[in-house]
Amino acid sequence: MTLRTACSVRPRTAADLPSCIGLLADVHHRDGYPVNWPARPADWLASGDTVGSWVAELDGRVAGHVVLSRPGDDDLAARLWRERTGAEPAVVGRLFVSPAARGHGVGAGLLRHVTAEARRLGRHPVLDVVASDTAAIALYERAGWRLLTTATQCWSPGRTVTIHCYAGPVPAP
């Protein structure tokens, strides 16, 4: 029997960035996320109109990362949510978990935390995910996230990707 160690989620600090960049490199090499490796990974982790960023720790080490941002003009999931509901969204992004920490609830813990933070701010969480990232899609769907649409986007010259847009579960009244 394998014992699962609980993860904890806390705000990301500047001191966490080297660990986050190392984990991101591991994820990129294994899973291809992010699709386009950033020239400046620390800047990429903090890009956008960030509301907050958090890390998950497992056994005292950084094991995952997530960011919550205000939507930009090109955030399709946010635009769809706003058009359909009239409610203000918040965008979940930069969510990744160390390959060595998978299976310990790290991704689910980060997703619960960022969803609760969006709600605390009076916003509804949304996200885009590359259609080929089946593990992330499975995580979102297990957590009750709802598919809004599937679309193609040009992310760089010569690179078009298919994305799924998701909205977090609607809280019970």
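This report concerns the structure included in the present document. This structure is a prediction, so every number in the text was calculated from the model and none was measured.

Take helix H5 (residues 134-142) next. Buried residues of H5: Ala-136, Ile-137, Leu-139 and Tyr-140, and no others. Mapping the buried residues of H5 onto a view down its axis gives an arc of 160 degrees, with all of them on the same face. Exposed residues on H5 whose side chains face more than 90 degrees from its buried face are Thr-134, Ala-135 and Arg-142. At its buried positions, H5 is contacted by strand S4 (89-97), helix H4 (106-120), strand S5 (124-130) and strand S7 (159-167). Directly beyond the C-terminal end of H5, a positive phi value near 90 degrees is found at Gly-144.

Pairing is mixed in the open sheet, where seven strands are placed in the order S1-S2-S3-S4-S5-S7-S6. Pairing within the sheet leaves two strands with one partner each, and these edge strands are strand S1 (8-11) and strand S6 (146-156). Across the sheet, the mean angle separating the axes of adjacent strands is 30 degrees when strand polarity is ignored. Inspection of the sheet shows S1 paired to strand S2 (residues 49-58) by four bridges, in the antiparallel sense. Directly across from Ser-8, in S2, lies its bridge partner Glu-57. Here helix H1 (residues 17-31) sits on the sheet in contact with S2, strand S3 (61-70) and S4, set at roughly 90 degrees to S3. The strands touched by H4 are S1, S2, S3, S4 and S5; relative to S3, the strand with the most contacts, the crossing angle is about 30 degrees.

Our focus in this paragraph is the packing of aromatic side chains. Counted under the stated rule, the structure contains three aromatic pairs. Here Tyr-33 and Trp-44 contribute two aromatic rings whose centre-to-centre distance is 6.0 Å and whose plane-to-plane angle is 65 degrees, an arrangement assigned as edge-to-face. Taken together, the residues span a long stretch of sequence, with Tyr-33 in the loop between H1 and helix H2 (41-45) and Trp-44 in helix H2 at a distance of 11 residues. Judged by its relative accessible area of 21%, Tyr-33 is partly exposed. Look at Trp-44 and you get buried, because its relative accessible area is 17%. Relative to Trp-145, the ring of Tyr-140 has its centre 6.0 Å away and its plane inclined at 45 degrees; by these criteria the two rings are tilted.

About the criteria used
- Residues numbered from 1 in each chain as written.
- Predicted model: local features only at pLDDT ≥ 70, side-chain atom pairs only at ≥ 80, totals over all residues.
- Heavy atoms only, no water.
- Buried < 20%, exposed > 50% of the residue type's maximum accessible area, 1.4 Å probe, protein only.
- Helix = DSSP H or I, 4+ residues; strand = E, 2+ residues; numbered from the N terminus.
- Arc of directions from axis to C-beta.
- Contact = heavy atoms within 4.5 Å.
- Pairing = 2+ DSSP bridges.
- Axes fitted to C-alpha atoms, helices over the stretch in contact; angles between N-to-C directions.
- Phe/Tyr/Trp six-rings, centres within 6.5 Å; stacked < 30°, edge-to-face > 60°.

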